[in-house]
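Structural overview for review
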Amino acid sequence: MGNKDIKKKLVLLFLTIVVLVSVDILLKIFMPPFYKAARYGWKVPENTTFKQLVEDSPGNFRQVTVTYFKNGFKRWADPGTKKRKIFILGDSFTELICVSTGEEWYSYLQNKFSESEFFVYGARGFSSLQEFMVLSDYIGIIKPDMIILQFCYNDFVDNLRGLGLKWYPFNNHGVRPYLENGKIVYRLSVPFCWLREHSFTADLLLYAYDWIMQKLQSGDFCAVTKKRDFLLKNAAKMDKEMQRLNNEAFIVTGEIMDMIKRKTDNIPVYFMDVSEPDDAGGKYVCERAGFKYIPGFMEYLTSKEREGFCVIMPGDRHWNALGNKFVGEKLTEYFLKEGLK
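Residues numbered from 1 in each chain as written. Predicted model: local features only at pLDDT ≥ 70, side-chain atom pairs only at ≥ 80, totals over all residues. Heavy atoms only, no water.

1. Comments concerning the packing of helix α4 (residues 128-142) against helix α10 (residues 240-264)
Put simply, α4 and α10 touch, their axes get as near as 10 Å, and they point 10 degrees apart. Between α4 and α10, the angle is such that the two are roughly parallel. Taking contact as the criterion, the partners of Ser128, Leu129, Phe132, Leu135, Ser136 and Ile139 in α4 are, on α10, Thr253, Ile256, Met257, Met259, Ile260, Lys263 and Thr264. Partitioned by chemical class, the residues of the contact of α4 with α10 number 8 nonpolar, 4 polar and 1 charged. (Axes fitted to C-alpha atoms, helices over the stretch in contact; angles between N-to-C directions. Helix = DSSP H or I, 4+ residues; strand = E, 2+ residues; numbered from the N terminus. Parallel < 35°, antiparallel > 145°, perpendicular 65-115°, else oblique. Contact = heavy atoms within 4.5 Å. Nonpolar A, V, L, I, M, F, W, Y, C, P; charged D, E, K, R; others polar.)

Okay, here's the thing in C-alpha coordinates:
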(Lines give C-alpha, C1' and ligand atoms only; values in the text may rest on other atoms or scores of the structure.)
Protein backbone atom coordinates (compact mmCIF):
# COMPACT_ATOMS: atom_id res chain seq x y z
CA MET A 1 0.00 0.00 0.00
CA GLY A 2 1.45 3.35 -1.09
CA ASN A 3 1.76 6.50 0.96
CA LYS A 4 -1.01 8.12 -1.10
CA ASP A 5 -3.46 5.33 -0.22
CA ILE A 6 -2.58 5.59 3.46
CA LYS A 7 -3.07 9.36 3.39
CA LYS A 8 -6.45 8.97 1.64
CA LYS A 9 -7.62 6.48 4.27
CA LEU A 10 -6.41 8.70 7.09
CA VAL A 11 -8.22 11.68 5.58
CA LEU A 12 -11.37 9.58 5.13
CA LEU A 13 -11.14 8.38 8.74
CA PHE A 14 -10.64 11.95 9.95
CA LEU A 15 -13.62 13.24 7.93
CA THR A 16 -15.79 10.37 9.21
CA ILE A 17 -14.90 11.21 12.79
CA VAL A 18 -15.61 14.90 12.17
CA VAL A 19 -19.01 14.10 10.64
CA LEU A 20 -19.96 11.73 13.46
CA VAL A 21 -18.87 14.19 16.14
CA SER A 22 -20.70 17.02 14.36
CA VAL A 23 -23.90 14.97 14.11
CA ASP A 24 -23.59 14.03 17.79
CA ILE A 25 -23.14 17.70 18.76
CA LEU A 26 -26.15 18.77 16.68
CA LEU A 27 -28.31 16.03 18.18
CA LYS A 28 -27.18 17.07 21.65
CA ILE A 29 -28.17 20.67 20.90
CA PHE A 30 -31.58 19.98 19.38
CA MET A 31 -32.70 16.77 21.09
CA PRO A 32 -33.87 16.72 24.72
CA PRO A 33 -31.88 14.66 27.24
CA PHE A 34 -33.26 11.27 28.16
CA TYR A 35 -33.33 12.17 31.85
CA LYS A 36 -35.19 15.40 32.56
CA ALA A 37 -35.84 16.89 35.98
CA ALA A 38 -39.23 18.02 37.18
CA ARG A 39 -39.46 20.22 40.26
CA TYR A 40 -39.35 17.23 42.59
CA GLY A 41 -37.13 15.21 40.27
CA TRP A 42 -40.04 13.30 38.75
CA LYS A 43 -43.80 13.62 38.94
CA VAL A 44 -46.65 11.36 39.92
CA PRO A 45 -49.83 11.55 37.84
CA GLU A 46 -52.77 13.66 38.95
CA ASN A 47 -56.53 13.26 38.52
CA THR A 48 -55.86 9.80 37.09
CA THR A 49 -57.11 6.26 37.70
CA PHE A 50 -55.46 3.09 36.42
CA LYS A 51 -56.00 -0.63 36.88
CA GLN A 52 -53.41 -3.39 37.01
CA LEU A 53 -53.13 -7.06 37.87
CA VAL A 54 -50.94 -7.79 40.91
CA GLU A 55 -49.86 -10.96 42.69
CA ASP A 56 -51.14 -10.20 46.16
CA SER A 57 -49.86 -13.45 47.67
CA PRO A 58 -48.13 -16.47 46.11
CA GLY A 59 -50.34 -17.63 43.24
CA ASN A 60 -53.16 -15.22 44.15
CA PHE A 61 -53.64 -12.56 41.46
CA ARG A 62 -56.18 -9.76 41.62
CA GLN A 63 -56.91 -6.49 39.88
CA VAL A 64 -56.32 -3.27 41.79
CA THR A 65 -57.57 0.22 40.99
CA VAL A 66 -55.29 3.12 41.91
CA THR A 67 -56.48 6.75 41.89
CA TYR A 68 -54.50 9.97 42.10
CA PHE A 69 -56.21 13.22 42.93
CA LYS A 70 -55.34 16.91 42.69
CA ASN A 71 -51.60 17.68 42.40
CA GLY A 72 -50.80 13.96 42.45
CA PHE A 73 -52.04 13.48 46.03
CA LYS A 74 -53.44 10.08 47.02
CA ARG A 75 -55.86 11.98 49.22
CA TRP A 76 -56.84 15.61 48.78
CA ALA A 77 -59.48 17.13 51.03
CA ASP A 78 -60.75 20.69 51.47
CA PRO A 79 -57.92 22.90 52.84
CA GLY A 80 -60.58 25.26 54.20
CA THR A 81 -62.20 22.61 56.37
CA LYS A 82 -62.74 23.23 60.07
CA LYS A 83 -61.84 19.63 60.82
CA ARG A 84 -58.40 18.51 61.96
CA LYS A 85 -56.09 18.27 58.94
CA ILE A 86 -53.55 15.44 58.77
CA PHE A 87 -50.79 15.68 56.16
CA ILE A 88 -49.03 12.38 55.29
CA LEU A 89 -45.80 12.31 53.26
CA GLY A 90 -43.78 9.35 52.07
CA ASP A 91 -42.32 7.25 49.29
CA SER A 92 -43.60 4.06 47.62
CA PHE A 93 -44.94 2.76 50.94
CA THR A 94 -47.31 5.73 50.86
CA GLU A 95 -47.99 5.87 47.11
CA LEU A 96 -48.83 2.14 47.11
CA ILE A 97 -49.62 1.12 43.53
CA CYS A 98 -50.00 -2.54 44.58
CA VAL A 99 -53.30 -2.09 46.45
CA SER A 100 -56.52 -0.36 45.46
CA THR A 101 -57.39 3.12 46.63
CA GLY A 102 -59.18 2.57 49.93
CA GLU A 103 -56.96 -0.36 50.93
CA GLU A 104 -53.87 1.65 51.92
CA TRP A 105 -52.80 1.76 55.56
CA TYR A 106 -53.92 5.38 55.92
CA SER A 107 -57.43 4.39 54.78
CA TYR A 108 -57.88 2.72 58.17
CA LEU A 109 -56.93 5.98 59.91
CA GLN A 110 -59.29 7.87 57.61
CA ASN A 111 -62.18 5.51 58.38
CA LYS A 112 -61.62 5.59 62.14
CA PHE A 113 -60.92 9.28 62.61
CA SER A 114 -63.84 10.78 60.70
CA GLU A 115 -63.34 14.15 62.38
CA SER A 116 -60.06 14.54 60.48
CA GLU A 117 -59.38 15.34 56.84
CA PHE A 118 -56.44 13.64 55.14
CA PHE A 119 -53.94 14.97 52.64
CA VAL A 120 -51.61 12.21 51.43
CA TYR A 121 -48.67 12.49 49.05
CA GLY A 122 -46.44 9.53 48.22
CA ALA A 123 -44.07 8.91 45.33
CA ARG A 124 -41.93 5.90 44.45
CA GLY A 125 -38.25 6.47 45.11
CA PHE A 126 -38.69 9.84 46.81
CA SER A 127 -35.98 10.92 49.21
CA SER A 128 -36.41 12.88 52.43
CA LEU A 129 -35.44 16.04 50.53
CA GLN A 130 -38.08 15.50 47.85
CA GLU A 131 -40.67 15.02 50.59
CA PHE A 132 -39.45 18.22 52.24
CA MET A 133 -39.97 20.08 48.94
CA VAL A 134 -43.56 18.79 48.70
CA LEU A 135 -44.09 19.80 52.33
CA SER A 136 -42.73 23.28 51.63
CA ASP A 137 -45.02 23.75 48.63
CA TYR A 138 -48.23 22.66 50.36
CA ILE A 139 -47.90 23.34 54.09
CA GLY A 140 -49.07 26.92 53.59
CA ILE A 141 -52.07 25.75 51.55
CA ILE A 142 -53.11 22.84 53.74
CA LYS A 143 -52.15 24.36 57.09
CA PRO A 144 -52.05 20.90 58.73
CA ASP A 145 -52.64 20.27 62.40
CA MET A 146 -50.53 17.12 62.33
CA ILE A 147 -47.96 15.51 60.02
CA ILE A 148 -47.02 11.86 59.52
CA LEU A 149 -43.65 11.46 57.85
CA GLN A 150 -43.14 7.95 56.45
CA PHE A 151 -39.45 7.01 56.32
CA CYS A 152 -37.56 4.02 54.91
CA TYR A 153 -33.94 2.84 55.25
CA ASN A 154 -33.26 3.61 51.57
CA ASP A 155 -33.87 7.31 52.27
CA PHE A 156 -30.28 7.41 53.50
CA VAL A 157 -29.18 6.15 50.08
CA ASP A 158 -31.49 8.50 48.17
CA ASN A 159 -30.36 11.52 50.22
CA LEU A 160 -26.70 11.23 49.14
CA ARG A 161 -25.72 10.95 45.49
CA GLY A 162 -22.43 9.17 46.19
CA LEU A 163 -24.21 6.43 48.08
CA GLY A 164 -26.94 6.24 45.44
CA LEU A 165 -24.29 5.53 42.81
CA LYS A 166 -23.09 2.58 44.89
CA TRP A 167 -26.61 1.14 44.75
CA TYR A 168 -26.80 1.20 40.95
CA PRO A 169 -28.80 -0.37 39.27
CA PHE A 170 -31.20 -0.66 42.24
CA ASN A 171 -31.41 3.11 42.71
CA ASN A 172 -33.80 5.40 40.84
CA HIS A 173 -32.44 6.30 37.42
CA GLY A 174 -33.52 9.89 37.32
CA VAL A 175 -32.45 13.44 37.99
CA ARG A 176 -33.28 14.20 41.59
CA PRO A 177 -32.61 17.06 44.00
CA TYR A 178 -29.82 16.68 46.57
CA LEU A 179 -28.84 18.82 49.52
CA GLU A 180 -25.20 19.81 49.01
CA ASN A 181 -23.48 22.43 51.16
CA GLY A 182 -26.84 23.71 52.33
CA LYS A 183 -28.21 24.20 48.79
CA ILE A 184 -30.61 22.15 46.70
CA VAL A 185 -28.99 20.97 43.46
CA TYR A 186 -30.16 18.53 40.78
CA ARG A 187 -27.94 15.57 39.95
CA LEU A 188 -28.16 12.34 37.96
CA SER A 189 -27.21 9.31 40.06
CA VAL A 190 -26.15 6.86 37.34
CA PRO A 191 -22.67 5.98 36.00
CA PHE A 192 -20.81 8.01 33.36
CA CYS A 193 -22.70 11.26 33.95
CA TRP A 194 -20.04 13.32 32.16
CA LEU A 195 -20.47 11.30 28.96
CA ARG A 196 -24.24 11.57 29.19
CA GLU A 197 -24.06 15.32 29.59
CA HIS A 198 -21.75 15.88 26.60
CA SER A 199 -22.75 13.22 24.06
CA PHE A 200 -26.18 12.41 22.69
CA THR A 201 -24.99 9.03 21.42
CA ALA A 202 -23.52 8.10 24.80
CA ASP A 203 -26.67 9.33 26.50
CA LEU A 204 -28.81 7.14 24.22
CA LEU A 205 -26.68 4.00 24.63
CA LEU A 206 -26.31 4.41 28.39
CA TYR A 207 -30.03 5.11 28.79
CA ALA A 208 -30.72 1.81 27.02
CA TYR A 209 -28.16 0.13 29.29
CA ASP A 210 -29.92 1.56 32.38
CA TRP A 211 -33.25 0.25 31.13
CA ILE A 212 -31.86 -3.24 30.50
CA MET A 213 -30.14 -3.37 33.89
CA GLN A 214 -33.30 -2.24 35.66
CA LYS A 215 -35.43 -4.83 33.85
CA LEU A 216 -32.95 -7.61 34.60
CA GLN A 217 -32.95 -6.72 38.31
CA SER A 218 -36.64 -5.89 38.71
CA GLY A 219 -38.35 -8.16 41.19
CA ASP A 220 -35.05 -9.59 42.43
CA PHE A 221 -35.81 -8.87 46.06
CA CYS A 222 -33.02 -11.15 47.26
CA ALA A 223 -30.44 -9.17 45.31
CA VAL A 224 -31.77 -5.87 46.68
CA THR A 225 -31.75 -7.22 50.23
CA LYS A 226 -28.22 -8.56 49.87
CA LYS A 227 -26.95 -5.21 48.57
CA ARG A 228 -28.76 -3.32 51.32
CA ASP A 229 -27.34 -5.56 54.01
CA PHE A 230 -23.84 -5.06 52.68
CA LEU A 231 -24.11 -1.30 52.27
CA LEU A 232 -26.03 -0.43 55.42
CA LYS A 233 -25.40 -3.09 58.03
CA ASN A 234 -21.82 -4.29 57.64
CA ALA A 235 -20.08 -0.99 58.29
CA ALA A 236 -17.24 -2.68 60.18
CA LYS A 237 -16.33 -4.66 57.06
CA MET A 238 -16.67 -1.78 54.62
CA ASP A 239 -13.79 0.07 53.10
CA LYS A 240 -13.09 3.62 54.17
CA GLU A 241 -14.97 5.14 51.25
CA MET A 242 -18.17 3.27 52.09
CA GLN A 243 -17.87 4.20 55.76
CA ARG A 244 -17.41 7.83 54.75
CA LEU A 245 -20.45 7.73 52.44
CA ASN A 246 -22.64 6.14 55.10
CA ASN A 247 -21.57 8.77 57.62
CA GLU A 248 -22.26 11.56 55.13
CA ALA A 249 -25.69 10.07 54.39
CA PHE A 250 -26.57 10.16 58.09
CA ILE A 251 -25.36 13.75 58.36
CA VAL A 252 -27.26 15.04 55.32
CA THR A 253 -30.41 13.15 56.37
CA GLY A 254 -30.16 14.81 59.76
CA GLU A 255 -29.83 18.21 58.05
CA ILE A 256 -32.98 17.53 56.01
CA MET A 257 -34.86 16.53 59.16
CA ASP A 258 -33.76 19.82 60.72
CA MET A 259 -35.20 21.63 57.68
CA ILE A 260 -38.49 19.77 58.13
CA LYS A 261 -38.48 20.67 61.82
CA ARG A 262 -38.01 24.36 61.06
CA LYS A 263 -40.66 24.30 58.34
CA THR A 264 -43.25 22.59 60.53
CA ASP A 265 -42.53 24.85 63.50
CA ASN A 266 -44.95 23.83 66.29
CA ILE A 267 -46.92 21.29 64.24
CA PRO A 268 -46.51 17.79 65.73
CA VAL A 269 -44.60 15.47 63.37
CA TYR A 270 -44.99 11.70 63.77
CA PHE A 271 -42.18 9.63 62.31
CA MET A 272 -43.29 6.34 60.74
CA ASP A 273 -40.25 4.20 59.98
CA VAL A 274 -41.00 1.26 57.65
CA SER A 275 -37.46 -0.13 57.92
CA GLU A 276 -36.88 -3.54 59.42
CA PRO A 277 -37.24 -3.68 63.22
CA ASP A 278 -33.47 -3.90 63.78
CA ASP A 279 -32.61 -0.84 61.66
CA ALA A 280 -31.87 1.93 64.16
CA GLY A 281 -30.91 4.68 61.72
CA GLY A 282 -34.42 6.07 61.27
CA LYS A 283 -35.05 6.23 64.99
CA TYR A 284 -31.78 8.09 65.48
CA VAL A 285 -32.54 10.88 62.97
CA CYS A 286 -36.12 11.05 64.24
CA GLU A 287 -35.15 11.57 67.87
CA ARG A 288 -32.38 13.97 66.86
CA ALA A 289 -34.96 16.18 65.12
CA GLY A 290 -37.40 15.95 68.02
CA PHE A 291 -40.15 14.13 66.11
CA LYS A 292 -42.50 11.60 67.70
CA TYR A 293 -41.30 8.11 66.81
CA ILE A 294 -44.08 5.55 66.26
CA PRO A 295 -42.82 2.35 67.90
CA GLY A 296 -43.73 -1.26 67.45
CA PHE A 297 -45.70 -1.55 64.26
CA MET A 298 -42.91 -3.15 62.21
CA GLU A 299 -42.35 -5.67 65.01
CA TYR A 300 -46.10 -6.31 64.91
CA LEU A 301 -45.99 -6.91 61.16
CA THR A 302 -43.04 -9.28 61.59
CA SER A 303 -44.94 -11.19 64.25
CA LYS A 304 -47.83 -11.61 61.82
CA GLU A 305 -45.44 -13.11 59.29
CA ARG A 306 -44.25 -15.59 61.93
CA GLU A 307 -47.87 -16.56 62.52
CA GLY A 308 -48.09 -17.54 58.85
CA PHE A 309 -49.77 -14.48 57.35
CA CYS A 310 -48.52 -13.23 53.97
CA VAL A 311 -48.14 -9.47 54.38
CA ILE A 312 -45.83 -8.49 51.49
CA MET A 313 -46.05 -8.84 47.73
CA PRO A 314 -44.24 -11.92 46.35
CA GLY A 315 -40.82 -10.90 45.04
CA ASP A 316 -41.36 -7.41 46.42
CA ARG A 317 -40.89 -5.59 49.69
CA HIS A 318 -44.14 -3.61 49.74
CA TRP A 319 -47.14 -4.54 51.82
CA ASN A 320 -50.04 -6.32 50.16
CA ALA A 321 -53.67 -5.64 51.07
CA LEU A 322 -53.45 -7.69 54.27
CA GLY A 323 -50.16 -6.06 55.27
CA ASN A 324 -51.71 -2.63 54.82
CA LYS A 325 -54.67 -3.73 56.94
CA PHE A 326 -52.40 -4.85 59.80
CA VAL A 327 -50.34 -1.63 59.60
CA GLY A 328 -53.46 0.53 59.45
CA GLU A 329 -55.02 -1.18 62.45
CA LYS A 330 -51.81 -0.95 64.49
CA LEU A 331 -51.43 2.76 63.69
CA THR A 332 -55.08 3.35 64.54
CA GLU A 333 -54.48 1.75 67.92
CA TYR A 334 -51.41 3.95 68.43
CA PHE A 335 -53.21 7.20 67.63
CA LEU A 336 -56.19 6.27 69.80
CA LYS A 337 -53.74 6.00 72.70
CA GLU A 338 -52.37 9.40 71.63
CA GLY A 339 -55.84 10.82 72.17
CA LEU A 340 -56.80 11.33 68.52
CA LYS A 341 -60.55 11.34 67.98
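2. Considerations on the sheet that holds strand β8 (residues 269-273)
Two modes of strand pairing occur in sheets, parallel and antiparallel, and in both the strands are linked by backbone hydrogen bonds. Spatial strand order, β4-β3-β5-β8-β9: 5 strands in an open sheet with parallel pairing. Two strands lie at the open edges of the sheet, namely β4 (116-122) and β9 (292-293), each paired on one side alone. Both strand β3 (residues 84-90) and β4 contribute to a ladder of 7 bridges, which runs parallel. Bridge assignment links Leu89 to a residue of β4, and that residue is Tyr121. The strands touched by α10 within the sheet are β5 (146-151) and β8, with β5 carrying the most contacts at an inclination of about 165 degrees. Strands β5, β8 and β9 of the sheet are contacted by helix α11 (residues 281-289), whose axis makes an angle of about 170 degrees with β8. (Pairing = 2+ DSSP bridges.)

3. What to know about the packing of aromatic side chains
Applying the stated criterion to the full structure yields 25 aromatic pairs. Where Phe156 meets Phe250, the ring centres are 4.3 Å apart and the plane angle is 25 degrees; that geometry is what we call stacked. Placement of the pair is Phe156 in helix α5 (residues 154-158) and Phe250 in helix α10, with a sequence separation of 94 residues. The exposure class of Phe156 is buried, given its relative accessible area of 6%. Residues Tyr300 and Phe326 carry aromatic rings whose centres are separated by 6.2 Å and whose planes lie at 90 degrees to one another, so their mutual orientation is edge-to-face. Separated by 26 residues along the polypeptide, Tyr300 in helix α12 (residues 297-306) and Phe326 in helix α13 (residues 321-337) bring together distant segments of the chain. An aromatic cluster of at least three residues, connected via ring pairs, comprises Tyr40, Trp42, Phe73, Trp76, Phe87, Phe119, Tyr121, Phe126 and Tyr138. The ring of Tyr300 carries the charged tip of Lys330 above its face, separated from the ring centre by 4.9 Å. (Phe/Tyr/Trp six-rings, centres within 6.5 Å; stacked < 30°, edge-to-face > 60°. Buried < 20%, exposed > 50% of the residue type's maximum accessible area, 1.4 Å probe, protein only. Lys NZ or Arg CZ within 6 Å of the ring centre and 35° of its normal.)

4. Section: the nonpolar core
In this structure, Phe87, Trp105, Ile148, Met272, Trp319 and Phe335 are the most contacted members of the largest nonpolar core, which totals 80 residues. With 7 residues, the next largest nonpolar core counts Tyr35, Tyr168, Val175 and Met213 among its residues. (Core = buried A, V, L, I, M, F, W, Y, C linked by side-chain atoms within 4.5 Å.)

5. Details of the pattern of salt bridges
Enumeration according to the criterion identifies 17 salt bridges in this entry. A salt bridge links Glu180 to Arg187, with the nearest nitrogen and oxygen atoms 3.1 Å apart. The class for Glu180 is partly exposed, based on a relative accessible area of 25%. One salt bridge in this structure joins Glu333 and Lys330, with 3.9 Å as the shortest N-O distance. Of this pair, Glu333 and Lys330 both sit in helix α13, 3 residues apart, which is roughly one turn of that helix. By relative accessible area, which is 23% here, Lys330 ends up partly exposed. (Salt bridge = Lys/Arg side-chain N within 4 Å of Asp/Glu carboxyl O.)

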